[in-house]
Amino acid sequence: MQYIGEELIYGEIGNLLIVLSFTGALLASFSYFLSFRYADNGWKKIARSAFAVHSLAVLGIFIVLYYLILNHRFEYYYVWQHSSESLPTKYIFSCFWEGQEGSFLLWTFWHVVLSWLIILRGGQWESPVIAIVSLVQVFLASMVLGLVVGGIKIGSNPFILLREHPDMIKLPFVQFADYLQRIGDGRGLNPLLQNYWMVLHPPALFLGFASTVIPFAFALTGLMKRDYFTSWVKPALPWSVFSIMSLGAGILMGGAWAYEALSFGGFWAWDPVENSSLVPWILMVAATHAMLIYQAKRNSLLSSFLLVSLSFLMVLYSTFLTRSGILGESSVHAFTDMGMMGQLVFYMLFFIVLTTVLLLINHKLLISKRTEDRLSSREFWIFIGVMVLVASALHISFVTSLPVINKLFGTKMAPPHNAVEFFNSWQVPFAILICLLIAVAQFFKYRQSDFTLVFRKLLLSLIISVSLAGMLTWYIGFSKLHYILLLFTSLFAVIANTDYLLRILKRKWKFSGASVTHTGFALLLMGALISNGKQSIISKNRLQIDLGKDFPNNENIMLVKNDTLQMYKYYVTWTGVEKKGVHLYYNVDYLNFDKRTGKFSKVFSLQPLVQLNERMGNVAEPATKKFWNKDIYTHVTYANLEDVNNQNPDSNYTEMTDHNLHIGDTLTTSNSLVIFNGITNSPVSDHPLMKGSELAAAAILDIIDANRKHYRAEPLFIIRNNIIFSPEYKIEELGLKFSFTRIDPEKQQFVISIAERKNNKREFIILKAILFPGINLLWIGCLIMIAGAIISIIHRRRS
């Protein structure tokens, strides 16, 4: 059959480039290894050429796939699945990496970029390091091969045609030559990802993931050849700091996306996928400090090998968790299972086995005698910090891995019911210890220090920190001991590191990387503590109307259009809704009331929105007003979207809408709340159908309008001559009609149908608002921490 409108040449080019990418990486890895093994420049030339082919192929895949997405070539399944013609152009890049195939390509691309930085520098490290990176590229390239060998699926190809995809091949529409005209638009991008942070966050995060392979490759080089057994640490250090910076920035961008786009109220939810990206970062921080100890004291080489390797291996484990489908629906970030679990496991196990074998071969050298660290030495306290970081990472990994443990061992361990509360209770003590250590460790000298002298240097910072912590504890109102301790230690870390920079380093900025980074990290923790520990929900419903179990009165406020209600220290009013494309913007004004004049004045306005998406469901996005010392964060928890589409009301009623209810359930109409309080088998009614009926029952509905006026409706359910009748019950004043249409005695479920009069609506929304105090400390800390990492990278590259 000749299909109409298909452009197959781009898919053929894409498939050729995928094969070239795979074979180029394979040849480069083999050639670089031989170049390293035999110190042969001939093999190095072949390896460079092969890696160049691989690099150009990866770039070509990027260009072809982006072209297909940009031009909405829906004959390709990946394009159809992740994009649509209605999607704004600014989010096209997000389509590229929304799917597994695109994110693997993004990861591969960053490996290419980082590898060329090493290749262009040349030197003795090029062959062994790029040999290992190329080997990793072989596995990543296999993830998009899309082959089936011996019944085993190898990768998922982004250039597979829609009509040939297993999910589509048996559907009737693909049997027509003009199927492209029949499918219309693409499935589209997940509405949660239609945010500018999702254009930035995935590239930054995958750059961080990719960067962990470079220190790992240096470490394996040290294990493969005795000449490099200890010398790998110095060239690997700038890369490990870069990895901390890039992966940390990627994680923090994800937090910013969650804060601005998701409606759970916060920037970190201890989601399994968030956790699995945090653990490699924690381990890389620990590895970098172990490497610093080795450079200064020639101790902790085994720790350096282990932690650098674990950081990379945990990236692979994170990939397995995210893409194998094992997390199910426990994470908003996880991909669905695409039948590649076996391949992901093999990828992970290959490098675990390779690393383990090399460590065992070198075990005698790794456990050679070492001098004991003195209690008064800097390296001792840094190593204690390393152990605290490892303990933190182990705890997060264990709890996050419960689905894997359950699957492997048949156990039924449940994840924590309240993840935020559970992880905070465990991780805050680790944070307290880390803040304490980063405050004091730099004041010790390597090898040995005078405790008295160290204490004198720290005394001023300690006094200021205790005083400020006491005042802030009183002002903020902290009562939990571990929160008070974290506030004190984070303040102590900020003040002590600032003091160290000014008094000890005498503002020599090229040596300030550690102090600046530590200051930023402590500010980040302080901001997280204050904003989360003292966040408060300021939206309290004042209409004395029970909004129902889905909208608790102590967390939500009902705003009738153009009415004004008090909320926090403001008065708020909802003035209407604007539709712009697929977005509905709800205009909420925050007002001050002047008692002298008796008038309201507008302080600011917010526009929380609802993004309409028929295929994937509508999504509410918050709007935030930022002040220097707090954020007011709001989102719409309920709105009647039909009001937006019905701007020309008439005297007719809408069609009946069915509602499946249990006794005690509450539902909303456009102008009231309806509470289903039960049924009665002895209805009082003179309805003519009651005469001679075999069964008669009535639903008891209590209705409360926006002015708190109460009504009662008792729609009938009648069986007469084996025929069910559901006569309408009308409340003319509210413009509502009710019918009691079905009973399910097994589920104790009842169906109530409701119709509304179109010209008698009073529009309202339900809004939730949260106050986040001190959250700007967190964002400032992020920027300072990244700045400190950049200073460290520059200093170490120059040295």
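In this text, all values refer to a predicted model and were calculated from it rather than measured experimentally. Each chain has its residues counted from 1, running along the sequence as written. Given that the model is predicted, a residue must reach a pLDDT of at least 70 before its local features are reported, and side-chain atom pairs must reach 80 or more before they are shown or counted; all residues, however, enter totals for whole chains, interfaces and linings. Side-chain descriptors were evaluated using all non-hydrogen atoms of the structure, hydrogens and water having been removed beforehand.

*Asks:* For the overall build of the protein chain, give the residues involved together with the corresponding values.
*Replies:* Counting from the N terminus, the helices are the DSSP runs of H or I reaching at least four residues and the strands are the DSSP runs of E reaching at least two. Across its full length, the protein chain carries 22 helices and 23 strands. On the principal axes, the C-alpha backbone points of the protein chain span a range of 100 × 80 × 50 Å. Note on exposure labels: buried denotes an accessible area under 20% of the residue type's maximum, exposed denotes more than 50%, and partly exposed covers the range between, all computed with a 1.4 Å probe on protein chains only. The proportion of buried residues among the 799 residues of the protein chain is 55%. In the protein chain, the proportion of contacts linking residues at least 24 apart, taken out of those at least 6 apart, comes to 70%. Accessibility throughout is a Shrake-Rupley quantity obtained with a 1.4 Å probe, and a residue counts as covered only by protein chains that appear here. As presented, the protein chain carries roughly 36600 Å² of accessible surface, and 60% of it is formed by carbon and sulfur atoms. Between the centroid of the 68 positive side chains of the protein chain and the centroid of its 53 negative side chains there is a distance of 16 Å. Two residues form a contact once any of their heavy atoms are found within 4.5 Å. Residues scored as positive are Lys and Arg, those scored as negative are Asp and Glu, and His as well as the terminal groups of each chain are ignored. To locate a charge, take atom NZ for lysine, CZ for arginine, CG for aspartate or CD for glutamate.

*Asks:* So what about the domain arrangement of the protein chain? Which residues, and what values?
*Replies:* Each domain's limits were defined by an automated method or a database of domain assignments. Parsing the protein chain into structural domains produces domain 1 (1-189), domain 2 (219-415), domain 3 (557-642) and domain 4 (650-760). For domain 1 and domain 4, the distance between their C-alpha centroids amounts to 58 Å.

*Asks:* Outline the pairing of strand E22 (residues 749-756), supporting the account with residue identities and numerical values.
*Replies:* Of all eight residues that make up E22, seven are buried, and the element is covered over most of its length. Any two strands with at least two DSSP bridges between them are considered paired. Judged from the five bridges that link them, strand E13 (residues 657-661) and E22 form a sheet pairing that is antiparallel. When the sheet's bridge partners are listed, Leu-661 is paired in E22 with Phe-750. Sheet analysis places strand E21 (residues 736-744) next to E22, joined by eight bridges and oriented antiparallel. Paired with Phe-738 across the bridge in E22 is Ile-754. The turn linking E21 back onto E22 is made up of four residues, and Gln-748 within it adopts a positive phi angle of 55 degrees.

*Asks:* Just give me the short version of the sheet that holds E13, but keep the residues and values in it.
*Replies:* A sheet is described by the order of its strands in space; here four strands give the open sequence E13-E22-E21-E20, paired in antiparallel fashion. Two strands close off the open sheet at either side, each with one partner strand: E13 and strand E20 (729-731). With direction set aside, neighbouring strand axes in the sheet form an average angle of 30 degrees. To get an axis, a line is fitted to the C-alpha atoms, and for a helix only the part in contact is used. The angle between two axes follows their N-to-C directions and goes from 0 to 180 degrees.

*Asks:* Kindly report on empty space enclosed by the protein, identifying the contributing residues and their values.
*Replies:* Cavity means a closed set of points on a 1 Å grid over the protein atoms alone, one where a 1.4 Å probe fits but cannot get out, pocket means an open set with protein on both sides within 12 Å along at least 5 of 7 lines, and lining means a residue has an atom within 4 Å of a point. Grid points are joined across faces, edges and corners, and a volume is the space filled by probe spheres set on the points. Going through the model one piece at a time under the given rule, you end up with four cavities of 30 Å³ or more. Space inside the largest cavity adds up to approximately 60 Å³. Listing elements by their share of the lining of the largest cavity, those giving two or more residues are helix H10 (233-261) and helix H22 (775-798). Here the lining of the largest cavity takes five residues from H10, the largest share from any one element. Gly counts as polar in this scheme, as do all residues outside two lists: the nonpolar Ala, Val, Leu, Ile, Met, Phe, Trp, Tyr, Cys and Pro, and the charged Asp, Glu, Lys and Arg. Its residues placed into classes, the lining of the largest cavity shows eight nonpolar, two polar and no charged.

*Asks:* An account of the pattern of salt bridges is requested, with residue identities and associated values reported.
*Replies:* Whenever a carboxyl oxygen of Asp or Glu lies within 4 Å of a side-chain nitrogen of Lys or Arg, that contact is scored as a salt bridge. Applying the stated rule across the entire model yields 19 salt bridges. In this structure, Glu-379 engages Lys-297 in a salt bridge whose closest nitrogen and oxygen atoms are separated by 3.3 Å. One end of the pair, Glu-379, is in helix H15 (residues 378-400); the other, Lys-297, is in helix H11 (residues 272-297), and 82 residues separate them in sequence. Residue Glu-379 shares its accessibility class with Lys-297, and that shared class is buried. Across the pair Arg-757 and Glu-732 runs a salt bridge, and its minimum N-O distance is 2.6 Å. With Arg-757 in the loop between E22 and strand E23 (764-773) and Glu-732 in the loop between E20 and E21, the pair connects residues that are 25 residues apart, well separated along the chain.

*Asks:* Report on the side chain of Ser-277, specifying residues and quantitative values.
*Replies:* Locating Ser-277 in the fold gives a position in helix H11. Apart from residues no more than four positions distant in its own chain, Ser-277 is found in contact with Leu-205, Phe-209, Leu-247, Ile-251 and Ser-318.

*Asks:* I'd like to hear about a positive patch on the surface, residue by residue, with values.
*Replies:* Positive charge collects at one region of the surface, where Lys-506, Lys-508, Lys-510 and Arg-798 lie side by side. The residue Lys-510 is located in the loop between helix H19 (481-504) and helix H20 (513-533) in this model. Note on Lys-510: relative accessible area 54%, which makes it exposed. For patches, a residue must show more than 30% relative accessible area and have no salt bridge; joins then use 9 Å for like charges and 5 Å for nonpolar side chains, namely Val, Leu, Ile, Met, Phe, Trp and Tyr.

*Asks:* Could you give me a rundown of H22, with the residues and numbers involved?
*Replies:* A helix's residues, less one, multiplied by 1.5 Å, set its expected span. Look at H22: 36 Å from first C-alpha to last across 24 residues, which is about the 34 Å you get at 1.5 Å a residue. Along H22, the residues classified as buried are Ile-775, Asn-776, Leu-778, Gly-781, Cys-782, Met-785, Gly-788, Ala-789, Ser-792 and Ile-793. Among the structural elements, H10, H20, strand E12 (630-639) and E23 are those in contact with the buried residues of H22.

*Asks:* Pulling in residues and values, what's your account of the confidence of the model for the protein chain?
*Replies:* The quantity known as pLDDT measures the predictor's confidence residue by residue, on a range of 0 to 100. Taken over all residues, the pLDDT of the protein chain has a mean of 90, while the share at 70 or more is 96%. When pLDDT is averaged over each helix and strand of the protein chain, the minimum, 63, is found for helix H21 (residues 642-645) and the maximum, 97, for helix H6 (residues 126-142).

*Asks:* I'd like to hear about the packing of H15 against helix H17 (residues 419-440), residue by residue, with values.
*Replies:* Their axes nearest at 9 Å, the elements H15 and H17 cross at an angle of 165 degrees. Classified by the angle their axes make, H15 and H17 are roughly antiparallel. Note that H15 runs across H17; the crossing there is left-handed. Residue-level inspection shows Trp-381, Ile-384, Gly-385, Val-388, Leu-389, Ala-391, Ser-392, His-395, Ile-396, Val-399 and Thr-400 of H15 in contact with H17, the latter providing Phe-422, Phe-423, Trp-426, Gln-427, Phe-430, Leu-433, Ile-434 and Leu-437. Oblique is the label for any angle not covered by the other classes, which are roughly parallel (under 35 degrees), roughly antiparallel (over 145) and roughly perpendicular (65 to 115). Each crossing gets its hand from how the near helix is turned against the far one by less than a right angle, where anticlockwise is left-handed and clockwise is right-handed.

*Asks:* I'd like a rundown of the environment of Ser-300, residues and numbers included.
*Replies:* By secondary structure assignment, the location of Ser-300 is in the loop between H11 and helix H12 (301-323). Using a relative accessible area of 5% as the deciding quantity, one classes Ser-300 as buried. For the pair Ser-300 and Phe-383, spaced 83 residues apart in sequence, the C-alpha to C-alpha distance is 8.3 Å.

*Asks:* Requested: an account of the packing of aromatic side chains, with residues and values cited.
*Replies:* Centres within 6.5 Å make a pair out of two Phe, Tyr or Trp rings, where for Trp the six-membered ring is used; the pair is then stacked when the planes are under 30 degrees apart, edge-to-face when over 60, and tilted otherwise. For the coordinates displayed, the defined rule picks out 62 aromatic pairs. Taken together, a centroid distance of 6.3 Å and an interplanar angle of 35 degrees make the contact between Trp-281 and Phe-521 tilted. Placement of the pair is Trp-281 in helix H11 and Phe-521 in helix H20, with a sequence separation of 240 residues. Judged by relative accessible area, Trp-281 falls into the buried class, the value being 12%.

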